Amino acid sequence: MSTLEEHVDVAVPIDKAWDSLHRVENYPRFVEGVREARTEAGGRAHLDVEAGGRLREFEAEVSDRKDERVMEWLTTGAPELTGSFSLEPIDKNRTRVQARLEYNPDMIRETFGGPKGFAQATAIERLVRSDLEQFKEYLEQGGR
């Protein structure tokens, strides 16, 4: 397994960032490749993701440690992905958003098609970094 950790500082209070992370239906606005997303019963989320020229459906189990401001998720099928978002207040109007992703590069390659696309570690790093920057912009523009 490979682990990737990235963070971004956003100019919004921690409560606003926390609430926005839980609005799964808005993920297509800031997560590359997500075409549709919805919350489902039982702490699950459904995402339709386009990557490597393919459209895939993913189900994920989502859990919170609200007192610690940590949201964890785990895909329920292939590819097996595990991740978390943790939030830390910098001050009353700024928050650090930390993303952590654990993945098997070979499984990603098989799922998304080939060694030159989504599967390369540098491509995944760029994608996660870009998604965090998009989340920052989304939050700082009031969720538009």
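One can find the structure itself at the top, above this paragraph.
Cut-offs applied
Residues numbered from 1 in each chain as written. Predicted model: local features only at pLDDT ≥ 70, side-chain atom pairs only at ≥ 80, totals over all residues. Heavy atoms only, no water. Helix = DSSP H or I, 4+ residues; strand = E, 2+ residues; numbered from the N terminus. Buried < 20%, exposed > 50% of the residue type's maximum accessible area, 1.4 Å probe, protein only. Contact = heavy atoms within 4.5 Å. Salt bridge = Lys/Arg side-chain N within 4 Å of Asp/Glu carboxyl O. Arc of directions from axis to C-beta. Pairing = 2+ DSSP bridges. Axes fitted to C-alpha atoms, helices over the stretch in contact; angles between N-to-C directions. Phe/Tyr/Trp six-rings, centres within 6.5 Å; stacked < 30°, edge-to-face > 60°.

## Considerations on the environment of Lys 136
Here is step 1: You can see Lys 136 is positioned in helix H3 (residues 121–140).
Here is step 2: What makes Lys 136 partly exposed here is its relative accessible area of 22%.
Here is step 3: Between the alpha carbons of Lys 136 and Val 10 there is a distance of 5.5 Å; along the sequence they are 126 residues apart.
Here is step 4: Leave out the neighbours within four places in its chain, and Lys 136 touches Val 8, Asp 9 and Val 10.

## A few points about the pattern of salt bridges
Here is step 1: Within the structure shown, the criterion is met by 14 salt bridges.
Here is step 2: Measuring nitrogen to oxygen at the nearest pair gives 3.2 Å for the salt bridge that ties Glu 68 to Arg 65.
Here is step 3: The exposure class of Glu 68 is partly exposed, given its relative accessible area of 43%.
Here is step 4: Among the ionic contacts, a cluster of salt bridges with common partners joins Glu 5, Arg 100 and Glu 102.

## Some points on helix H1 (residues 14–21)
Here is step 1: Within the sequence span of H1, burial applies to Ile 14, Ala 17, Trp 18, Ser 20 and Leu 21. Along the long axis of H1, the arc covered by the buried residues comes to 165 degrees, so they all point the same way.

## Things to note about the sheet that holds strand S5 (residues 70–75)
Here is step 1: On the basis of which strands lie adjacent, the open sheet formed by 7 strands has the order S1-S7-S6-S5-S4-S3-S2 and antiparallel pairing. Edge strands, defined here as strands with exactly one partner in the open sheet, are strand S1 (2–10) and strand S2 (34–40). Looking at each pair of strands side by side, their axes are set apart by 20 degrees on average, direction ignored.
Here is step 2: Relative to strand S7 (residues 94–103), S1 runs antiparallel, the two sharing 9 bridges. Looking at the pairing, Ser 2 lines up with Tyr 103 of S7.

## As for the packing of aromatic side chains
Here is step 1: Overall, the coordinates contain 3 aromatic pairs when judged by the stated rule.
Here is step 2: Taking 5.4 Å as the distance between ring centres and 55 degrees as the angle between the ring planes, the aromatic pair formed by Tyr 27 and Phe 30 counts as tilted.
Here is step 3: Ring plane angle 45 degrees and centroid distance 5.0 Å describe the contact between Phe 30 and Tyr 138, whose orientation is recorded as tilted. Taken as a pair, Phe 30 in the loop between H1 and S2 and Tyr 138 in helix H3 lie far apart in primary sequence, 108 residues in all. Each of the two residues, Phe 30 as well as Tyr 138, counts as buried.
Here is step 4: In textbook terms, an aromatic cluster arises when at least three aromatic residues are bridged by ring pairs, as seen for Tyr 27, Phe 30, Phe 135 and Tyr 138.

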